[in-house]
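Structural overview for review
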Protein chains: 4
Amino acid sequence: MRKGRLEAFSDGVIAIIITIMVLELKVPHGSDLAALQPLIPVLLSYVLSFIYIGIYWNNHHHLFQAVHEVRGGILWANQHLLFWLSMVPFATSWMGENHFAKWPVVVYGIILIANAIAYTILVRILVKHHGKDSAIAKAVGRDSKGNISLACYALGIALAFVNTWLSCALYVLVAIIWLVPDRRIEKVIVQ
Amino acid sequence: MRKGRLEAFSDGVIAIIITIMVLELKVPHGSDLAALQPLIPVLLSYVLSFIYIGIYWNNHHHLFQAVHEVRGGILWANQHLLFWLSMVPFATSWMGENHFAKWPVVVYGIILIANAIAYTILVRILVKHHGKDSAIAKAVGRDSKGNISLACYALGIALAFVNTWLSCALYVLVAIIWLVPDRRIEKVIVQ
Amino acid sequence: MRKGRLEAFSDGVIAIIITIMVLELKVPHGSDLAALQPLIPVLLSYVLSFIYIGIYWNNHHHLFQAVHEVRGGILWANQHLLFWLSMVPFATSWMGENHFAKWPVVVYGIILIANAIAYTILVRILVKHHGKDSAIAKAVGRDSKGNISLACYALGIALAFVNTWLSCALYVLVAIIWLVPDRRIEKVIVQ
Amino acid sequence: MRKGRLEAFSDGVIAIIITIMVLELKVPHGSDLAALQPLIPVLLSYVLSFIYIGIYWNNHHHLFQAVHEVRGGILWANQHLLFWLSMVPFATSWMGENHFAKWPVVVYGIILIANAIAYTILVRILVKHHGKDSAIAKAVGRDSKGNISLACYALGIALAFVNTWLSCALYVLVAIIWLVPDRRIEKVIVQ
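Thresholds applied
Residues numbered from 1 in each chain as written. Chains lettered and ligands numbered in written order. Predicted model: local features only at pLDDT ≥ 70, side-chain atom pairs only at ≥ 80, totals over all residues. Heavy atoms only, no water. Helix = DSSP H or I, 4+ residues; strand = E, 2+ residues; numbered from the N terminus. Buried < 20%, exposed > 50% of the residue type's maximum accessible area, 1.4 Å probe, protein only. Polar contact = N/O pair within 3.5 Å; in protein donor to acceptor, adjacent residues only side chain to side chain. Contact = heavy atoms within 4.5 Å. Buried area = accessible area lost by both parts, 1.4 Å probe. Salt bridge = Lys/Arg side-chain N within 4 Å of Asp/Glu carboxyl O. Nonpolar A, V, L, I, M, F, W, Y, C, P; charged D, E, K, R; others polar. Least-squares fit on C-alpha atoms with pLDDT ≥ 70 in both. Phe/Tyr/Trp six-rings, centres within 6.5 Å; stacked < 30°, edge-to-face > 60°. Disulfide = S-S within 2.5 Å.

Structural notes on the side chain of histidine 130 of chain B
Residues and elements named next belong to chain B. You can see histidine 130 is positioned in helix H5 (residues 102–130). Overall, histidine 130 belongs to the buried group, its relative accessible area being 17%. Among the polar contacts listed, one links the side chain of histidine 130 to the backbone oxygen of leucine 126, at a separation of 2.8 Å. Contacts of histidine 130, omitting those with residues within four sequence positions, involve Ala66, Val67, His68, Glu69 and Ile136.

Structural data, given as structure tokens:
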């Protein structure tokens, strides 16, 4: 029951985050197709962030399947993750409206790193709480995907000073890695 | 349980989408009745999209009644549908603010087609997952309503280059077809 | 279960409606107390509408306690109510920003009437579906509160052409009548 | 069941409140790091309010674990709390955009006091309804944290006329006090 309400609140916040980003697709004044052209970078950054937020929701959903109990520390680790997720719309708009310029791309990468760290903290607290032999501990395992993501984000930030499209390619790459659903947890639960 | 959270998240996103559209009804500065007049096309397009989003929620609700299990592929097919639903407010505003001009009406039709395709993909993945003899497979059947809708959208887009009111009439026609509740699934479940 | 999802969706939409109204309390540029003064009518209209939406949520909550089954017609009667509720933020802002001028007060009253009618339609469909001897039919009874409300709204609209403060007094009166919780349904369920 | 829907509605409203605050982090026009500088006070006030709303959600969550029944009076006491929570985004933005100037800091403190009072009223009604020997009554106990918070807010408001940073330090102090999770209720339930 307690778990249920934390999931419901997280669902609510994530649903709002993923949806308010679309408000940055400001309706243009003109009514011809050309009026839509300046919106293309905004739309592209929206698509990327929509997928990222979707991945976080997906992983959060899988993660909490294996959770049995929710305590104060877990609530706050979850809140901390929601905070960084709430920063994504800002970074997304700044990046899209500035056509993937250097600093917005760097800040976007930093926000992605902050989210990854917040998620890792949440996972570690959950594992610690449930014990090393719990389903959740086995499911998370060595978390190689998480480490690869962090490396890609860091490299993406560094490459922004050379060519921001390389950064974006790395951000897209991480999204693709995670779009493959997290079967680790699914497997352990089903067994 | 797993199904429950996917429904809750979808409900959240759809509830936000259907509600933020009303933010485009910008409060006019004047305080007389004439100040409301420019809002009429915006209101009309809002009503149409409110009904469309309501239909999608309604069908989503009926569809998931027959769903037993949710896997990675289903989660992403659902996310994909939510993405295209999130494009509806933008297309709605652009169409309303430009008094149903040609390109906005065309783009609105394209978004409707994208939603219809995303819904069809979701249904097919669900049917594939549950088997050909499942309640969901029987309920969906030949999906003649879906095919008629796609034909109407396509015709609506083509007719926008002749007269956009013909397009709008077709979009309204599709809404009316779907307003008749989807008894196909209801019947199979009740039996 | 089916009822649950309709309640969840309605909760989501009503929660968003009640919250986005606060976005009309635009942050003033000045930092002294005087900068808040122009916000007072906006705040007052927000408070009134917050209470109204709260009453509708409250009554909706009580009403659905007595509901056993949800069918297509009920879903759409509910959607119809949500549509008129979604018009409240617009009418609220227009009334507040124009310091309770004649036409905005009239339109606000019309939106209140539309909501009352939509709620009545929902109740009637529910009663029809559950039968004359059902808990819900007994609980609703003669609905004298609803009739008094409609009379007050109509009188309020008429009086707006004399003095809009009389209209507002009537709107406040209706809110007070409903703030007394709807014990009719509560009683029948408990027995 | 009835409790569940009140929790769901509160979750929805609180999720929206905590998320729409981020909309005040307006995307700057420039694309260099300097463009982010004016946003720092807005971000700081957002972080503070995010934590405050998180605390209220957390406490609300713990409080309702011990609740068995929901009556009319409780619904309205909860609605009253949601109203004051909905005032937080406005006060947060005004404070952030005015770089923690005197009056915005005072108003922010008043809103915090109003929230604390609304929460206290809700707790008292719940205790009264459940009886002096209920889990909820034991869990709340003497509520020394609540009293300390009120004193800090009042002192913070007074000190705003001397130095607003002292006020902010006090507001932060209260947040820290509450970040320590409310083990009072947790203890009583577990036993």
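Concerning the interface of chain B and chain C
Interfaces are often sized by the amount of accessible area the parts lose when they come together. Of the residues lining the interface, 41 residues belong to chain B; the matching set on chain C comes to 30 residues. Taken together, both faces of the contact between chain B and chain C bury some 3,100 Å²; the carbon and sulfur share is 71%. On the chain B side of the interface with chain C, the three residues burying the most area are Val27, Phe50 and Trp57 of chain B, jointly 19% of the side's total. Here chain B is connected to chain C by two salt bridges. Between glutamate 7 of chain B and arginine 5 of chain C there is a salt bridge, and its shortest N-O distance comes to 3.6 Å. Here chain B is connected to chain C by four residue pairs in polar contact (both at pLDDT 80 or more). When residues of the side of chain B that touches chain C are traced back to their parent elements, those giving at least two are helix H1 (2–20), helix H2 (40–65) and helix H9 (183–190) of chain B. Looking at which element gives the most residues to the side of chain B that touches chain C, the answer is H2 of chain B, with 14 residues. By residue class, the composition of the side of chain B that touches chain C is 24 nonpolar, 11 polar and six charged.

Some thoughts on the pattern of salt bridges
Under the defined criterion, the tally for this structure stands at 12 salt bridges over all chains. The closest approach of N and O atoms between aspartate 11 of chain B and arginine 5 of chain C, which form a salt bridge, is 2.8 Å. Taken together, the positions of aspartate 11 of chain B in helix H1 and arginine 5 of chain C in helix H1 (residues 2–20) put the pair across two chains. Among the ionic contacts, a cluster of salt bridges with common partners joins Arg5 of chain A together with Glu7 and Asp11 of chain D.

As for the relation of the copies chain A and chain D
Mapping chain A onto chain D leaves a residual RMSD of 0.0 Å; the transformation is a rotation of 90° accompanied by 0.0 Å of translation along its axis. When the rotation and shift are considered jointly, the pair of chain copies conforms to a four-fold rotation axis. Measuring from the rotation axis to each C-alpha of chain A, the shortest distance belongs to glycine 12 of chain A, at 4.3 Å. A distinct binding surface is used by each copy, with only 3% of the interface residues of chain A retained as interface residues in chain D.

A few points about the relation of the copies chain B and chain C
For these two chains of identical sequence, chain B goes onto chain C by a turn of 90° and a shift of 0.0 Å along the axis, with RMSD 0.0 Å. An asymmetric contact is evident, with only 2% of the interface residues of chain B recurring at the interface of chain C.

Section: the packing of aromatic side chains
In total, this model carries 44 aromatic pairs over all chains according to the counting rule given. An angle of 80° between the planes, with centres 5.2 Å apart, marks the rings of phenylalanine 83 of chain C and tryptophan 84 of chain C as edge-to-face. In this structure phenylalanine 83 of chain C comes out as buried when scored by relative accessible area, which is 11%. One aromatic cluster in this structure is built from Tyr46 and Phe50 of chain A together with Phe83 and Trp84 of chain B.

Side note on the state of the cysteines
The bond known as a disulfide is covalent and runs between the sulfur atoms of two cysteines. All names here are of chain B. Under the counting rule described, the total for this entry stands at zero disulfides over all chains. Sulfur of cysteine 152: no disulfide; nearest cysteine sulfur belongs to cysteine 168 and is 13 Å away. Classification of cysteine 168 as buried rests on a relative accessible area of 8%.

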